[in-house]
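Chains, contacts and geometry: an overview
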Amino acid sequence: MSLRSYKFTYQLYNFFKKDQLKHNIPFYKKYNLNKKYYSSISSEDFIGIDSPPNLYDVKDSKEELPKKKTFQTLDDKTQNELLSWSDDGYVVLENFFSEEEIESYKQEIDDLLESGKVKFRYGNKIMFAIHHSKTLRSAGNNKKLLQILSLLMDKNVELFQSINFIEGSQQRTHSDSIHMTTFPYGNLIAVWVALEDIKPDSGPLHYYPKSHKLPYIHNRDYDNVGTKYKIGDKLYNKYEDCIEDVLRKTDLEKKIFLPKKGDLLIWHANLLHGGEKVTNENSTRKSMVFHYYTDDAICFHEISQRPTLKNKKLIVKD
Ligand SMILES: O=C(O)CCC(=O)C(=O)O
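These lines cover the structure that appears in this document, whether it is placed above or below. In this numbering scheme, every chain counts its residues from 1 along its sequence in written order. A pLDDT threshold of at least 70 governs which residues receive local features in this predicted model, and a stricter bar of 80 or more applies before side-chain atom pairs are shown or counted, although totals over entire chains, interfaces and linings include all residues. With hydrogens and water excluded, all non-hydrogen atoms of the structure serve as input to the side-chain values.

**What to know about the overall build of the chain**
Counting its secondary structure elements, the chain contains twelve helices and 13 strands. For this measure, only C-alpha atoms enter the radius of gyration; the expected value for a globule follows 2.2 Å times N^0.38, where N is the number of residues. A globule of 318 residues ought to have a C-alpha radius of gyration of about 20 Å, and the chain, at 19 Å, matches this closely. Along the first, second and third principal axes, the C-alpha atoms of the chain reach 50 × 50 × 45 Å. Within the chain, the proportion of its 318 residues that are buried is 52%. Residue contacts follow a heavy-atom distance rule, with two residues in contact if any of their heavy atoms lie within 4.5 Å. Relative to all contacts within the chain whose residues are 6 or more apart in sequence, the contacts with residues 24 or more apart total 82%. Put simply, the chain shows about 15400 Å² of open surface, and 50% of that area lies on carbon and sulfur atoms. Helix and strand labels come from DSSP, where a helix needs a run of H or I of at least four residues and a strand needs a run of E of at least two; each type is numbered from the N terminus. Three labels apply to residues, based on accessible area from a 1.4 Å probe with only protein chains included: buried if under 20% of the type maximum, exposed if over 50%, partly exposed otherwise in between. Every accessible area reported is derived by Shrake-Rupley at a probe size of 1.4 Å, with residue values counting cover from the shown protein chains alone.

Next comes the structure, spelled out in structure tokens:
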């Protein structure tokens, strides 16, 4: 049995990273959570505590967004693109980044790879390149983008993570809420940026419009709660099977995202999405994902039951 399955291993690790965990302290107090901020945490800790929903999970963005000052400052096209947020759980913003900006992001990734500052992890993902690049950090902290994300969440958001892809992820359908969990639930928002025109054979992103309205799937939903001392022992594919089962019982339809370079897709914390199969082995699918937390929630990783480590470098904007 691996040491990683014991909660105390993470607790020890967390203890030495305490500074990066303190962000949760005020919200442990707010939600009367009686535990150390470096201890294990999962959705089991919130059973019986009401999770206040976000504005557009209960009110229609078509009616509410036009009342917001920030919304009124946006051009007509962007306004229209945002209106269906609460209905669909995603929005597409065409042509958001310029050709020049996109070229600079691609160059930055090439340089980071060549210098060895970033490496592929979990197969073909370049994780957290924003920790090494002011250019990519600035892309994630683009002023208009942050404004739009804050508008959709109706509160402040903070850049947390980036993932860069050269090729399709082929990742099975999932919700980000199992990886970047929050309490209250749903306080995460994500952005997928096309760094080139995306072709159908390159393993494009897929997503299920309206799936954000399905219940959040947590450890207990696939028998992965664990014990007082150990995290759950289910393999990740059991979670993916569970999502497949959930979807099979709905009539939700899959959409494939085939954007042009510079387009982006913004999705809700619980929107189900993944990567299509790559059918052309020589294809590339250059893309960049940003994940943002709101600044008013407890953040953790449901599967490993670890509180989220936040890198301060990102909070101080360039
Ligand atoms: O780009 C993809 O294929 C999947 C990305 C994804 O699932 C994510 O970043 O959450």
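Having put the structure on the table, let's press on.
**As for the pattern of salt bridges**
In the sections that follow, a salt bridge refers to a side-chain nitrogen of Lys or Arg positioned within 4 Å of a carboxyl oxygen of Asp or Glu. Counted by the stated rule, this structure contains 23 salt bridges. Salt-bridge contacts for Lys-77 lead to Glu-81; the nearest nitrogen and oxygen are separated by 3.1 Å. Here Lys-77 pairs with Glu-81, and both are found in helix α6 (residues 76-82), just four residues apart, close to one helical turn. A relative accessible area of 16% means that Glu-81 is categorised as buried. Here the salt bridges do not stand alone but share partners, grouping Arg-172, Glu-240, Asp-241, Glu-244, Asp-245 and Arg-248 into one network.

**Focus: helix α1 (residues 7-15)**
For α1, the complete set of buried residues consists of Lys-7, Tyr-10 and Asn-14. All buried residues of α1 fall inside an arc of 70 degrees around its axis, so they share one side. Those residues of α1 that are exposed and aimed more than 90 degrees away from the buried face are Phe-8 and Leu-12. Packing partners of the buried residues in α1 comprise β13 (306-307). This arc corresponds to the set of directions leading from the helix axis out to the C-beta atoms.

**Remarks on the site of the ligand**
Each residue is tested against the molecule or strand, and it is near if at least one of its non-hydrogen atoms lies within 4 Å. Around the ligand, the surrounding shell holds 14 residues, and the nearest of these are Ser-169, His-174, Asp-176, Trp-192 and Arg-285. For the purposes of these results, a polar contact is taken to be a pair of N or O atoms within 3.5 Å, where, inside protein, one atom must be able to donate a hydrogen and its partner to accept one; residues adjacent in sequence count only when each atom of the pair is a side-chain atom. In the model, an oxygen atom of the ligand is placed 2.8 Å from a nitrogen or oxygen of the Trp-192 side chain. Contact distances for the ligand include 3.5 Å between an oxygen atom and a side-chain N or O atom of His-291. For the ligand, the accessible surface in isolation is 290 Å², of which the surrounding protein chains cover 98%. Elements represented by at least two residues in the shell around the ligand include exactly β4 (157-165), β10 (273-275) and β11 (287-294).

**Digging into helix α8 (residues 99-115)**
Its 17 residues place the ends of α8 24 Å apart at the C-alpha level, agreeing with the 24 Å of an ideal helix rising 1.5 Å per residue. Looking one or two residues beyond α8, the residue adopting positive phi is Gly-116, at roughly 80 degrees. Under the convention used throughout, the expected extent of a helix is 1.5 Å for every residue step, that is, one less than its residue count.

**With respect to the sheet that holds β10**
Either a parallel or an antiparallel arrangement is found when strands of a sheet pair, and the pairing is made through backbone hydrogen bonds. The pairing criterion for strands is at least two bridges between them, as found by DSSP. On the basis of which strands lie adjacent, the open sheet formed by three strands has the order β8-β7-β10 and antiparallel pairing. The open sheet has two edge strands with one neighbour each: β8 (255-256) and β10. Two elements, strand β7 (residues 205-207) and β8, share two bridges in a ladder whose sense is antiparallel. Each residue of the ladder has a partner; that of His-206, found in β8, is Ile-256.

The analysis is restricted to geometry; functional conclusions fall outside its scope.
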